[in-house]
Amino acid sequence: MTVTERFLDFVKFDTQSDELTNMTPSTPGQMEFAKYLKGVVEGMGLEEITLDDNGYLFASLPANVEGDIPVIGFIAHMDTSPDMSGKNVKPRIVKDYNGRDIVLNEEQDIVLSPEQFPELLNYLGQDLIVTDGTTLLGADDKAGIAEILSAVAYLQAHPEIKHGKIRIGFNPDEEIGLGAHKFDVELFGCEFAYTMDGGALGELEYENFNAASAKVTIKGRNVHPGSAKHKMINSIRVANNFITMLPRWETPEHTEGYEGFYHLIAINGSVEETTLSYIIRDHDRDRFERRKREIEHLVNKTNTEYPGCCSVEIKDQYYNMREKIEPVIHVIEIAEQAMRDAGVTPKVQPIRGGTDGAQLSFKGLPCPNIFAGGENFHGRYEFVSIQSMEKATDVIVNICKIVAGE
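Every chain's residues receive numbers from 1 upward, in the order its sequence appears when written. Only residues with pLDDT of at least 70 get local features here, since the model is predicted, and only at 80 or more are side-chain atom pairs given and counted; chain-wide, interface and lining totals rely on the full set of residues. In computing side-chain properties, one takes all heavy atoms of the structure into account and sets aside hydrogens as well as water.

Would you take a moment to explain the overall build of the protein chain for this structure?
Per the secondary structure count, the protein chain includes 10 helices and 18 strands. Over its C-alpha atoms, taken along the principal directions, the protein chain stretches across nearly 85 × 50 × 35 Å. Each residue gets one of three labels from its accessible area relative to the maximum for its type: buried under 20%, exposed over 50%, partly exposed in between, using a 1.4 Å probe on protein chains only. Within the protein chain, buried positions represent 53% of all 406 residues. Of all intrachain contacts in the protein chain linking residues separated by at least 6 positions in sequence, the fraction that spans at least 24 positions is 78%. Lys and Arg are tallied as positive, Asp and Glu as negative. Neither His nor the chain termini are counted. In plain terms, the charge of a residue is placed at NZ if it is Lys, CZ if Arg, CG if Asp and CD if Glu. Averaging the positions of the 39 positive and the 64 negative side-chain charges in the protein chain gives two centres separated by 6 Å. Helix numbering and strand numbering both begin at the N terminus, where a helix is a DSSP run of H or I of at least 4 residues and a strand a DSSP run of E of at least 2. Any two residues whose heavy atoms approach within 4.5 Å at even a single point are treated as in contact.

I keep staring at the packing of aromatic side chains and nothing clicks. Help me out?
Two aromatic rings, taken as a pair, are described by how far apart their centres are and by the angle between their planes. Working definition: rings of Phe, Tyr and Trp (its six-membered ring) pair if their centres are within 6.5 Å, and the pair is stacked with planes under 30 degrees apart, edge-to-face with planes over 60 apart, and tilted otherwise. Under the counting rule described, the total for this entry stands at 14 aromatic pairs. When the centroid spacing of 5.2 Å and the interplanar angle of 80° are considered together, the rings of F183 and F188 count as edge-to-face. Grouped by ring-pair contacts, the aromatic residues F10, F13, F33 and Y36 constitute a single cluster. We call a charge positioned above a ring when the Lys NZ or Arg CZ atom is no farther than 6 Å from the ring centre and deviates by at most 35 degrees from the ring normal. In this arrangement the basic side chain of R291 is found over the ring face of Y262, its NZ or CZ atom lying 5.0 Å from the centre.

How do you make sense of the sheet that holds strand β16 (residues 369–371) when you look at a structure like this?
Strand pairing in a sheet takes place through backbone hydrogen bonds and is either antiparallel or parallel in direction. Strands sit in the order β1-β2-β8-β3-β9-β16-β10-β15 across an open sheet of 8 strands; the sheet is mixed. Strands at the two margins of the open sheet, each flanked by one partner only, are β1 (47–51) and β15 (347–348). Note: two strands are recorded as paired if DSSP finds a minimum of 2 bridges between them. Judged from the 2 bridges that link them, strand β10 (residues 203–205) and β15 form a sheet pairing that is parallel. Across the sheet, L204 pairs through a bridge with V348, a residue of β15. The strands touched by helix α8 (residues 330–341) within the sheet are β9 (192–198), β10, β15 and β16, with β9 carrying the most contacts at an inclination of about 55°. Every axis corresponds to a line fitted to the C-alpha atoms, with the helix fit spanning only the stretch in contact, and the corresponding angles, defined between N-to-C directions, vary from 0 to 180 degrees.

Before we go on, may I ask you to explain the pattern of salt bridges in this structure?
For side chains of opposite charge, pairing can occur when their charged atoms come near one another. A side-chain nitrogen of Lys or Arg and a carboxyl oxygen of Asp or Glu constitute a salt bridge if their distance falls within 4 Å. Summed over all chains, the structure comprises 14 salt bridges. Between R322 and E207 there is a salt bridge; the shortest N-O distance is 2.9 Å. Here R322, found in helix α7 (residues 322–325), pairs with E207, found in the loop between β10 and β11 (210–219); they are 115 residues apart in sequence, far enough to count as distant. The salt bridge partner of R291 is D282, with a shortest N-O separation of 2.8 Å. For the pair R291 and D282, a shared accessibility class is recorded, and that class is buried. What emerges from the salt-bridge pattern is a single network uniting E250, D282, R287 and R291.

How should the nonpolar core be read in this particular structure?
Where a protein is soluble and globular, its nonpolar side chains tend to be buried together. Among buried residues, the Ala, Val, Leu, Ile, Met, Phe, Trp, Tyr and Cys ones that are joined through side-chain atoms within 4.5 Å form a nonpolar core. Judged by nonpolar contacts, the single largest core of 67 residues is most densely connected at F7, F74, F170, I370 and I399. Leave out the neighbours within four places in its chain, and F74 touches I148, I166, R167, I168, G169, F188, Y194, M196, I396, I399 and C400. Counting 19 residues, the second largest nonpolar core, distinct from the first, contains V216, I218, V238 and C309.

Sorry, what's going on with the state of the cysteines here?
When the sulfur atoms of two cysteines share a covalent bond, that bond is a disulfide. When the sulfur atoms of two cysteines come within 2.5 Å, that pair is taken as a disulfide. Enumeration over the complete set of coordinates arrives at 0 disulfides. Cysteine C367 is unpaired, with the sulfur of C190 as its nearest cysteine sulfur at 8.9 Å.

What should I look at first to understand a negative patch on the surface in this one?
For patches, a residue must show more than 30% relative accessible area and have no salt bridge; joins then use 9 Å for like charges and 5 Å for nonpolar side chains, namely Val, Leu, Ile, Met, Phe, Trp and Tyr. Surface accessibility in these figures is a Shrake-Rupley result with a 1.4 Å probe; residues are shielded only by whichever protein chains are displayed. Taken together, D52, D53, D184 and E186 make up a surface patch of like negative charges. With respect to the helices, strands and loops of the structure, D184 is situated in the loop between β8 (166–171) and α4 (185–188).

Sorry, what's going on with helix α5 (residues 235–245) here?
Residues three or four positions apart in an α-helix share a direction because the helix packs 3.6 residues into each turn. All of the buried residues along α5 are S235, V238, A239 and F242. Down the axis of α5, the sector holding all buried residues measures 100°, keeping them to one side. Along α5, the residues that are exposed and aim more than 90 degrees away from the buried face are R237 and T244. Near the N-terminus of α5, the side chain that reaches the backbone nitrogen of I236, with its oxygen 3.0 Å away, is that of N234. In this description, the arc belongs to the directions extending from the helix axis to the C-beta atoms. Residues adjacent in sequence count toward polar contacts only when both atoms are side-chain atoms; beyond that, a polar contact is any pair of N or O atoms within 3.5 Å, and within protein one must be able to donate a hydrogen and the other to accept it.

Whenever I open this one, the environment of T131 confuses me. Can you help?
Looking at where T131 falls in the secondary structure, it is placed in the loop between β7 (128–130) and α3 (139–157). Judged by relative accessible area, T131 falls into the buried class, the value being 1%. Remark: the alpha-carbon pair of T131 and P91, spanning 40 residues in sequence, is separated by 4.8 Å. Here the side chain of T131 touches G133 through a polar contact of 2.9 Å, landing on its backbone nitrogen. In this structure the side chain of T131 is engaged in a polar contact, spanning 2.8 Å, whose partner is the backbone oxygen of R380.

What exactly am I supposed to notice about the pairing of strand β13 (residues 273–282) here?
On any regular strand, side chains alternate: one points to one face of the sheet, the next to the other face. Summarising burial for β13: 8 of the 10 residues are buried, a large majority. Pairing between β11 and β13: 10 bridges, direction antiparallel. Counterpart to V216 in the pairing with β13 is L276. Alignment of strand β12 (residues 261–269) against β13, held across 8 bridges, turns out to be antiparallel.

Help me out: how do you make sense of the packing of α3 against helix α10 (residues 386–403) in this one?
Helix-helix packing is characterised by the crossing angle of the two axes and by the distance between the axes. The N-to-C vectors of α3 and α10 enclose an angle of 50°; their axes lie 8 Å apart at closest approach. Taken together, the axes of α3 and α10 lie oblique to each other. Along this stretch, α3 crosses α10, giving a crossing that reads as right-handed. Counted together, A143, E147, I148, S150, A151, Y154 and L155 of α3 and M389, A392, T393, I396, V397 and C400 of α10 form the full contact between these two elements. Ten residue types, Ala, Val, Leu, Ile, Met, Phe, Trp, Tyr, Cys and Pro, are classed as nonpolar, four, Asp, Glu, Lys and Arg, as charged, and the remainder, Gly among them, as polar. Each residue belonging to the contact of α3 with α10 can be placed in one class, and the counts come to 10 nonpolar, 2 polar and 1 charged. Angle categories are assigned with fixed cut-offs, so that under 35 degrees is roughly parallel, over 145 is roughly antiparallel, 65 to 115 is roughly perpendicular, and the rest are oblique. Left-handed describes a crossing whose near helix is turned anticlockwise from the far helix by less than a right angle; the clockwise case is right-handed.

Written out as structure tokens, the structure reads:
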């Protein structure tokens with residue numbers, strides 16, 4: 001099977017994760033997919049195959065050369081984002097893209113246009129896989145799974161390519177920040193690994209946001225509006241005041257590069273009670289801590305005017321992996337060389353987000369992130385280049401060759 005055939009097969013599975021179930025995996029579709037992938041790796045003749053009750057699937061391609069070669073791993077996640085449905089995905093291949101609008105869904109007037117998504121023009125002449133506009137595609141991260149399995153199959157078909165032992169790992173629930181929580185690093189047994197979970201061709205990332213969530217709860221006092229003067233506290237209005245006290249320009253839509261932000265992702269409210277759900281992001285650890293303190297300061301400020309009405313619960317989610325990767329920077333140098341050998345220009349850049357590799361790096365497994373080839377993740381305009389997936393497969397093979405001293 002080609003990497004494209006594998007990818008089109010995998011997107012048939014509905015694997016949306018759900019942060020509200022408090023289960024691992026968080027949705028049954030992920031375990032269904034994990035069991036299917038277990039059958040795939042068994043059919044490929046891989047060894048040391050394990051699938052635990054939490055949906056973590058590991059397998060090994062044995063070394064075909066003797067010597068003290070580091071065991072390395074390649075990791076991808078099975079879930080898709082909760083932001084949009086991944087059920088009944090209907091992928092379509094647009095061959096030899098010509099730079100014009102791509103009509104995803106004529107009936108609903110859904111169009112993928114370079115006017116809104118100028119990155120499309122980077123793919124002139126390439127073959128793009130798109131959606132029908134009613135679901136996300138699932139390149140994040142089923143493209144990564146397809147690439148890892150295709151690279152392993154290539155190595156099996158070409159025994160003249162010498163390589164050490166290679167571990168592969170497919171995990172659930174990355175999209176809700178839990179993918180690495182129950183990942184058994186000791187069982188995986190690698191010196192270092194790579195997540196195939198990046199975006200466009202050439203991306204190589206070992207810096208990511210420090211991340212936290214903040215849930216602000218505002219208690220109101222509901223009184224009949226006809227007799228509410230000096231009695232009612234409308235929690236929705238208090239919440240609105242709280243929102244406007246945060247810096248207007250420090251939001252995702254106004255930031256880039258190393259700039260951090262506060263991101264209001266949900267509001268749920270009535271006069272009696274309103275909750276605000278934020279995520280807090282910054283690459284710099286000191287600025288990250290200051291952002292958390294600013295939220296707490298605004299809670300205290302709100303309580304000055306409305307005593308006892310406001311509270312906050314802040315939870316750290318993950319930290320910047322840079323401090324764990326820099327002492328073993330050779331893992332980046334290997335990936336850079338593997339890209340150049342595949343004819344790809346490395347683009348080392350910070351992740352404006354997070355990957356399982358960030359948490360795994362803090363669990364003792366250095367794990368930078370490599371491109372999988374997709375763009376516009378988490379929505380109906382997601383697409384992936386077939387040529388980019390093929391290059392990602394080549395990069396995996398090249399990493400294995402370099403580590404083995406080829």
